[in-house]
Amino acid sequence: MPNPLYDTLFGQHRASDAVFLHLPGGLSLTYEAFLDIGAQYAGLMADMGLTAGDRVAVQTAKSPETLAVYAACVQAGLVFLPLNTAYTPDEVAYFVENSGARLVLVECSKRNALAAITERYGAKLETLNADGSGSFADNAAPYLKSFETVSRTGSDLAALLYTSGTTGRSKGAMLTQSNLLSNAQVLQKEWRFTSQDVLLHALPIFHTHGLFVATNITLLCGGQMIFLPKFDLDQLITQLPNATTMMGVPTFYTRLLGDARFTKNLTTHIRLFVSGSAPLLAETHIQFEERTGHRILERYGMTETNMNTSNPYAGERRAGTVGFPLPGVDLKITDPKTGKSLPNGDIGQIEVRGPNVFQGYWQMPDKTAEELRADGFFITGDLGTMDEDGYLTIVGRNKDLIISGGYNIYPKEIELVLDEQDGVLESAVIGVPHPDFGESVLGIIVAMPDRQPDLNAIAAEIGSSLARFKQPQRLVILPELPRNTMGKVQKKALREQFADTFTK
Ligand code: MLC
Ligand code: AMP
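A quick note: this is a predicted structure, and the numbers were derived from the prediction, not measured.

A. Quick peek at the sheet that holds strand E19 (residues 392-397). Ordered by their spatial adjacency, four strands build an open sheet running E16-E17-E18-E19, and the pairing between neighbours is antiparallel. Only two strands of the sheet have a single partner each, and these edge strands are strand E16 (330-334) and E19. Taken over all neighbouring pairs, the strand axes of this sheet differ in orientation by 45 degrees on average, direction set aside. Pairing analysis gives five bridges linking E16 to strand E17 (residues 348-353), with the strands arranged antiparallel. Bridge pairing in E17 links Asp330 to Arg353.

In structure tokens, the structure reads:
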């Protein structure tokens, strides 16, 4: 049965004894062994009554088995919904409810905390641990290592990836088979990936970068991945000589540069370093070239759009820019007020259109209409400018967003939680420069009259509702928030006032 994404990424390797994953401890997994696990999982999910289009929410550790759940979902026509492992049960409850997921996979340690939630929303709950054990794996073990691939077309949904929302509620970006496949094909060609490549993979696999950019490209070309459970500087230093490529967020590169063991010798086998998900400082780009002789290739993407632009493989990789629109991507810089295109050199909002752009937000037609124009252009919320040579530079954001170590954090979500705390009248959450994470979260609180909120108690209290990486690294109290004549909080003024909180 035709299923373009499965056939192209996975099916082509069906009987291949080539290595797909290199794992810690010197272990490895061939394509065939990996696809066998995927087929067993697909068989189990089909027997559990899941049918094409059903959502499978997955909050499990980075492992070959979690990746096999992705393969299984594609093969069985199910919609893969990966979740950050740092999300609290409160946060997961929202995703389960909003997506109507029929199956939720978690690690054993989280089972009890989620049992009531999945029961409430009528979802099945199974476990899958970092070592591949768990009820889901046990139940799948007796299944055949082959599964009749469910027929799908390019316009069918393959994944639902939640992005934080400006109003505080996350939105599920609907990505079709064609969205994912077209982008992987373009990137493989542009970045010249082949079956000879060994990608050093230290990113999480619940986001576009580690899941689609890194993994889909490798699958497409039949390459290998050194699959690390997470970023670990020592492991990176050990494994770099075994790899030909690496993809990372800027924090990967600044941490490597901060370590004296990271020398040119370690990188002689590497042909390509890619950076994205957050701004790479031109300074980092230059230091990296000075240390290693490699110019990092910076590209620009989003959950909703996959990758939009890239610096060239062969041409000049220009520091501080995100390069040119990828083949097939229309990109324009528009006036935020009128939506009209602006000339080169002017700063405006970045809009993109192409086969990579998502179908809209899951069950949120109003939000979709606000950001996705009828003619197919998506308003990214990023501000940029195009130079005479066609290089795009991102100069800021038209959306109230913090990017910390490559994770997106929407201040509104944190402010809603802070506002509920004892003695808090109102709050403002901003991103301020941070030497390791690029930006970090600062919470500013205004107390109710005659009250003295206990900042330690607040920091402890919000831990149950917000993932650790979203929690303000510091809370401060101000007598009032600066506002403009319209009464809107002036975050720019706050960002200036607190700019050196983490850098002094
Ligand atoms: C971890 N912590 C963070 C954090 N990551 N805090 C703020 N921002 C982050 N990004 C906190 C933990 O909660 C913990 O807090 C402490 O830091 C140490 O945790 P850790 O797990 O040891 O952290 P570490 O491994 O050092 O992780 C840092 C990191 C990781 C940068 C390596 O965050 C990472 O892999 N980021 C990549 C994110 C990513 O893939 N983004 C792509 C999105 S897709 P405490 O207090 O408990 O010690 C996208 C589209 C596109 O944007 O264009 O690609
Ligand atoms: P996400 O919603 O997690 O997909 O994050 C997408 C956002 O990350 C974009 O809208 C940009 O603001 C930011 N981003 C991605 N790549 C880059 C980059 N190379 N430089 C600057 N910002 C980036």
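B. Just the layout of surface pockets, in detail. In this structure, the second largest pocket spans a volume of roughly 360 Å³. Lining the second largest pocket are 17 residues, with Arg169, Glu413, Val417, Ser465 and Leu466 positioned closest to its centre. Looking at the lining of the second largest pocket, the elements that each hand over two or more residues are helix H4 (89-99) and helix H13 (411-419). No other element matches H4, which puts four residues into the lining of the second largest pocket. Here the residues of the lining of the second largest pocket are counted per class, giving five nonpolar, five polar and seven charged. Built from parts of two domains, the lining of the second largest pocket gets at least three residues from each of domain 1 (31-152) and domain 2 (401-497).

C. Examining the environment of Asn408 more closely. You can see Asn408 is positioned in strand E21 (residues 407-409). Between the C-alpha atoms of Asn408 and Lys145, which are 263 residues apart in sequence, the distance is 38 Å. Apart from the residues within four sequence positions on either side, Asn408 is in contact with Ser164, Leu401, Ile402, Ile403 and Phe469.

D. Spatial organisation of the domain arrangement of the protein chain. Along its sequence, the protein chain is carved into domain 1 (31-152) and domain 2 (401-497). Here domain 1 and domain 2 have C-alpha centroids that lie 35 Å from each other. Taken together, the contact pairs six residues of domain 1 with 10 residues of domain 2. For the pair domain 1 and domain 2, the summed buried surface comes to about 500 Å²; carbon and sulfur atoms form 47% of the total. Per-residue buried area on domain 1 facing domain 2 is highest for Asn84, Thr88 and Glu91; these three make up 62% of the total on that side.

E. Layout of the packing of aromatic side chains. For the structure shown, the criterion picks out 21 aromatic pairs. Here Arg317 stacks its cationic end above the ring of Tyr313, 5.4 Å away from the centre of that ring.

F. Geometry of the nonpolar core. Phe10, Tyr41, Leu67, Tyr70, Trp191 and Met247 are the most contacted members of the largest nonpolar core, which totals 143 residues. At nine residues, helix H3 (residues 64-76) tops the list of elements feeding residues into this core. Each of domain 1 (31-152) and domain 2 (401-497) gives at least three residues to this core. Setting aside anything within four residues of it in sequence, one finds Met247 in contact with Trp191, Phe193, Leu199, Leu200, Leu203, His209, Val213, Ala214, Ile217, Phe252, Tyr253 and Val274. If you look at the next biggest cluster of nonpolar residues, it comprises 12 residues, including Val432, Val446, Leu478 and Phe498.

G. Local environment of the pairing of strand E8 (residues 171-176). A large share of E8 lies buried, amounting to six of its six residues. What you see with E8 is no split at all: Lys171, Ala173 and Leu175 on one side and Gly172, Met174 and Thr176 on the other are buried throughout. Bridge count for strand E7 (residues 157-163) against E8 is six bridges, and the pairing is antiparallel. Paired with Leu161 across the bridge in E8 is Ala173.

H. Representation of the site of ligand 1 in the model. Close to ligand 1 lie 23 residues; Arg255, Ser277, Arg299, Ser404 and Arg468 are nearest. Within the side chain of Arg299, a nitrogen or oxygen atom sits 2.7 Å from an oxygen atom of ligand 1. Note that a nitrogen atom of ligand 1 is positioned 2.9 Å from one of the backbone N or O atoms of Gly405. In the complex, 74% of the free accessible area of ligand 1, which totals 1,000 Å², lies under the protein chains. Elements supplying a minimum of two residues to the shell around ligand 1: helix H8 (208-221), helix H10 (250-257) and strand E13 (297-302). Split by residue class, the shell around ligand 1 holds 10 nonpolar, nine polar and four charged.

I. Representation of the site of ligand 2 within the structure. Taken together, the neighbourhood of ligand 2 is formed by 16 residues, with Arg299, Thr303, Asp382, Lys399 and Asn408 sitting nearest. Side-chain polar atom of Glu298 to a nitrogen atom of ligand 2: 2.9 Å apart, as the coordinates give it. Between ligand 2 and Asp382, the relevant distance is 2.6 Å, taken from an oxygen atom to a side-chain nitrogen or oxygen of the residue. Calculation on ligand 2 without its partners gives an accessible area of 500 Å², and the protein chains cover 92% of this total. Every element with two or more residues in the shell around ligand 2 is listed here: E13 and E19. At five residues, E13 tops the list of elements feeding residues into the shell around ligand 2. Its residues assigned to classes, the shell around ligand 2 comprises seven nonpolar, four polar and five charged.

J. Structural detail: unusual backbone geometry. Even without being a glycine, Arg192 presents a positive backbone phi close to 60 degrees. Along the chain, the position of Arg192 falls in the loop between helix H7 (177-190) and strand E9 (198-201). Here Arg192 falls in the partly exposed class, since its relative accessible area comes to 47%. Positive phi outside glycine occurs at Gln363, with the angle close to 50 degrees. Residue placement: Gln363 occurs in the loop between E17 and helix H12 (365-371).

K. Summary view of the state of the cysteines. All told, the structure shown has zero disulfides when counted by the stated rule. Of the cysteine sulfurs around Cys73, a residue in no disulfide, the closest is that of Cys108, at 19 Å. For Cys73, a relative accessible area of 0% corresponds to the buried category. Given a relative accessible area of 44%, Cys108 falls into the partly exposed group.

Reading guide: rules and limits
Residues numbered from 1 in each chain as written. Chains lettered and ligands numbered in written order. Predicted model: local features only at pLDDT ≥ 70, side-chain atom pairs only at ≥ 80, totals over all residues. Heavy atoms only, no water. Pairing = 2+ DSSP bridges. Helix = DSSP H or I, 4+ residues; strand = E, 2+ residues; numbered from the N terminus. Axes fitted to C-alpha atoms, helices over the stretch in contact; angles between N-to-C directions. 1 Å grid on protein atoms, 1.4 Å probe; cavity = no way out; pocket = protein on both sides within 12 Å on 5 of 7 lines; lining within 4 Å. Points joined across faces, edges and corners; volume = space filled by probe spheres on them. Nonpolar A, V, L, I, M, F, W, Y, C, P; charged D, E, K, R; others polar. Domains from an automatic or database assignment. Contact = heavy atoms within 4.5 Å. Buried area = accessible area lost by both parts, 1.4 Å probe. Phe/Tyr/Trp six-rings, centres within 6.5 Å; stacked < 30°, edge-to-face > 60°. Lys NZ or Arg CZ within 6 Å of the ring centre and 35° of its normal. Core = buried A, V, L, I, M, F, W, Y, C linked by side-chain atoms within 4.5 Å. Buried < 20%, exposed > 50% of the residue type's maximum accessible area, 1.4 Å probe, protein only. Near = heavy atom within 4 Å. Polar contact = N/O pair within 3.5 Å; in protein donor to acceptor, adjacent residues only side chain to side chain. Areas by Shrake-Rupley, 256 points an atom, 1.4 Å probe, with all protein chains shown as cover. Disulfide = S-S within 2.5 Å.

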